[in-house]
Amino acid sequence: MKKFDYHLPKTLDEALNLFASLKNCKYVAGGTDVFVDIKRKKIAPDNLISLRNIEALKIIEKNGGIRIGSCVTHEEILKNEDIKRHYTALHDAVKRLGSKQIRNVATIGGNICNAAPSADTACPLLVFDCVVGIYGKKGERKLSLDEFFLGPGMVSKEEDEIVTFFELCYLPKYSGSAYIKLTRREAMDLAIVSVASRLTFDLEEDILKVKETIANSDLKDMEEKIANLGIKVKQARIAMGVAAPTPLRAKEAETYLLGKVLDRDKIYEASEIASSVARPRDTIRGEAEYRREMIKVLTRRTLLLSVKRGLGLE
Ligand SMILES: Cc1cc2nc3c(=O)[nH]c(=O)nc-3n(C[C@H](O)[C@H](O)[C@H](O)COP(=O)(O)OP(=O)(O)OC[C@H]3O[C@@H](n4cnc5c(N)ncnc54)[C@H](O)[C@@H]3O)c2cc1C
């Protein structure tokens, strides 16, 4: 492996100054992507600037929604009670990301800045209307995550800019979310395709009656029963991974659901729309046609799970 110098700044400004004064620099957080790339000779930096000693990047704090520092590891996210209870799609995603050893060092910032279409945290962050904090020589700016992804491995920031945080939206009553990743094996594996959904809804029926009706139902049963529950969609978010060059919001499907009282047909129609706006490719992991079909299945399942969780039943 090529030799490089390793720097451990303690503040954002120190990191920026190092980047400006040294040549051929690369930021590194957990290094699980960077070191693989160096070994494969995809990159050959002379200077690695580690972000791991910058305390400001390691916070998780509530601020109406929740703000997660870019150097928070996946294992820390997995253990956070607020995320586990409320931001369940993100909890689902980190639970299935890599192995415990990978989760212990790999960060959410690295996962997003790497901009892989299969990045597991991308779709959950998209369904929580994530805003990205970015720090550079001109100070701090914010960008919606939607605008941040430009293509595989490409994000909307200057090379010397540091991603500081991810801000997830406030979740009103009756909000539920889920993320499902389809892999070839139930082991450490990248997604063939993945979907995250979030629903925020009103109830036109008595909550106790609604809960009782579906309390012990599996998702297939729920599909049949949901028509009579008076669940009216106030907000819908659907995001798909490995469905396009970047993680992609299925905005047409979200708009379709808005204001509707859920029933089986509407859930199927939203899933069809999501699949129709996806632009998957044939790859060694899966064919485009298979991905399209599975997007329908995963969208239906994540929507139904979102209802269950929004009612506090999971
Ligand atoms: C065995 C293995 C299994 C894996 N399994 C999965 C999986 O199941 N799902 C999945 O999504 N990924 C997986 N990955 C990929 C990887 O672990 C994740 O993408 C991880 O989140 C990257 O985080 P990191 O902190 O290690 O990033 P790093 O390798 O440190 O950095 C990645 C990129 O982001 C940049 N960067 C990092 N932080 C910042 C910041 N704050 N500001 C600006 N730029 C920054 C770096 O310069 C680099 O370009 C796996 C990797 C391995 C080796």
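Okay, so let's go over this structure. Because the structure is a prediction, the values reported are computed rather than measured.

## Focus on the layout of surface pockets
Turning to step 1, where the next piece is worked out: A volume near 1600 Å³ is recorded for the largest pocket.
Turning to step 2, where the next piece is worked out: Taken together, 48 residues make up the lining of the largest pocket; nearest its centre are Asp33, Val34, Asp37, Gly110 and Asn114.
Turning to step 3, where the next piece is worked out: Residues that form the lining of the largest pocket fall into these classes: 22 nonpolar, 13 polar and 13 charged.

## Side note on the pairing of strand S11 (residues 175-182)
On any regular strand, side chains alternate: one points to one face of the sheet, the next to the other face.
Turning to step 1, where the next piece is worked out: The element S11 is extensively covered by neighbouring structure, given that 7 of its 8 residues are classed as buried.
Turning to step 2, where the next piece is worked out: Bridge analysis of S11 against strand S12 (residues 193-203) gives 8 bridges, and the strand direction is antiparallel. The residue bridging Gly176 from the neighbouring strand is Leu199, located in S12.

## Points about the pattern of salt bridges
Turning to step 1, where the next piece is worked out: According to the stated counting rule, one finds 27 salt bridges in the structure shown.
Turning to step 2, where the next piece is worked out: The residue Lys58 makes a salt bridge to Glu55 at a minimum N-O spacing of 3.6 Å.
Turning to step 3, where the next piece is worked out: On the basis of relative accessibility, which here comes to 34%, the residue Lys58 falls in the partly exposed class.
Turning to step 4, where the next piece is worked out: By relative accessible area, which is 56% here, Glu55 ends up exposed.
Turning to step 5, where the next piece is worked out: Residue Asp82 is joined to Lys62 by a salt bridge in which the shortest nitrogen-to-oxygen separation is 3.4 Å. Pair noted here: Asp82 is in helix H4 (residues 81-85) and Lys62 is in strand S4 (residues 60-63), with a separation of 20 residues, a long-range link.
Turning to step 6, where the next piece is worked out: The partly exposed category is assigned to Asp82, whose relative accessible area is 22%.

## With respect to the packing of aromatic side chains
Turning to step 1, where the next piece is worked out: Under the criterion given, the structure shown has 5 aromatic pairs.
Turning to step 2, where the next piece is worked out: Centre to centre, the rings of Phe4 and Phe35 are 6.1 Å apart; their planes meet at 35 degrees, and the pair counts as tilted. In this pair, Phe4 is assigned in the segment before strand S1 (5-7) and Phe35 in helix H2 (residues 34-39), connecting sequence segments 31 residues apart.
Turning to step 3, where the next piece is worked out: A relative accessible area of 24% places Phe4 in the partly exposed class.
Turning to step 4, where the next piece is worked out: A centroid spacing of 5.8 Å and a plane angle of 10 degrees characterise the contact between Tyr174 and Phe201, whose relative ring orientation is stacked. Here Tyr174 is found in the loop between strand S10 (162-168) and S11, whereas its partner Phe201 is found in strand S12, with 27 residues between them in sequence.
Turning to step 5, where the next piece is worked out: Since its relative accessible area comes to 1%, Phe201 is described here as buried.
Turning to step 6, where the next piece is worked out: Positioned above the aromatic ring of Tyr256, the side-chain terminus of Lys260 is 4.1 Å from the ring centre.

## Let's talk about helix H5 (residues 88-95)
Turning to step 1, where the next piece is worked out: Burial analysis of H5 places 7 of its 8 residues in the buried class, the great majority of the element.
Turning to step 2, where the next piece is worked out: For H5, the complete set of buried residues consists of Thr88, Ala89, Leu90, His91, Asp92, Ala93 and Val94.

## Concerning the sheet that holds S12
Turning to step 1, where the next piece is worked out: Reading across the sheet, the 4 strands line up as S11-S12-S13-S14 and stay open at both edges, with antiparallel pairing between neighbours. Every other strand in the sheet has two partners, leaving S11 and strand S14 (248-249) as the edge strands with one partner each.

## Digging into the sheet that holds strand S6 (residues 131-136)
Turning to step 1, where the next piece is worked out: With respect to topology, 5 strands assemble into an open sheet ordered S4-S5-S10-S6-S7, the strand pairing being antiparallel. Lying at the two open borders of the sheet, with one neighbouring strand each, are S4 and strand S7 (139-144). Averaged over all pairs of adjacent strands, the angle between strand axes in this sheet comes to 25 degrees, irrespective of strand direction.
Turning to step 2, where the next piece is worked out: Note that strand S5 (residues 65-69) and S10 share 4 bridges and pair antiparallel. The partner of Ile66 across the bridge, within S10, is Leu168.

What counts and what doesn't
- Residues numbered from 1 in each chain as written.
- Predicted model: local features only at pLDDT ≥ 70, side-chain atom pairs only at ≥ 80, totals over all residues.
- Heavy atoms only, no water.
- 1 Å grid on protein atoms, 1.4 Å probe; cavity = no way out; pocket = protein on both sides within 12 Å on 5 of 7 lines; lining within 4 Å.
- Points joined across faces, edges and corners; volume = space filled by probe spheres on them.
- Nonpolar A, V, L, I, M, F, W, Y, C, P; charged D, E, K, R; others polar.
- Buried < 20%, exposed > 50% of the residue type's maximum accessible area, 1.4 Å probe, protein only.
- Helix = DSSP H or I, 4+ residues; strand = E, 2+ residues; numbered from the N terminus.
- Pairing = 2+ DSSP bridges.
- Salt bridge = Lys/Arg side-chain N within 4 Å of Asp/Glu carboxyl O.
- Phe/Tyr/Trp six-rings, centres within 6.5 Å; stacked < 30°, edge-to-face > 60°.
- Lys NZ or Arg CZ within 6 Å of the ring centre and 35° of its normal.
- Axes fitted to C-alpha atoms, helices over the stretch in contact; angles between N-to-C directions.

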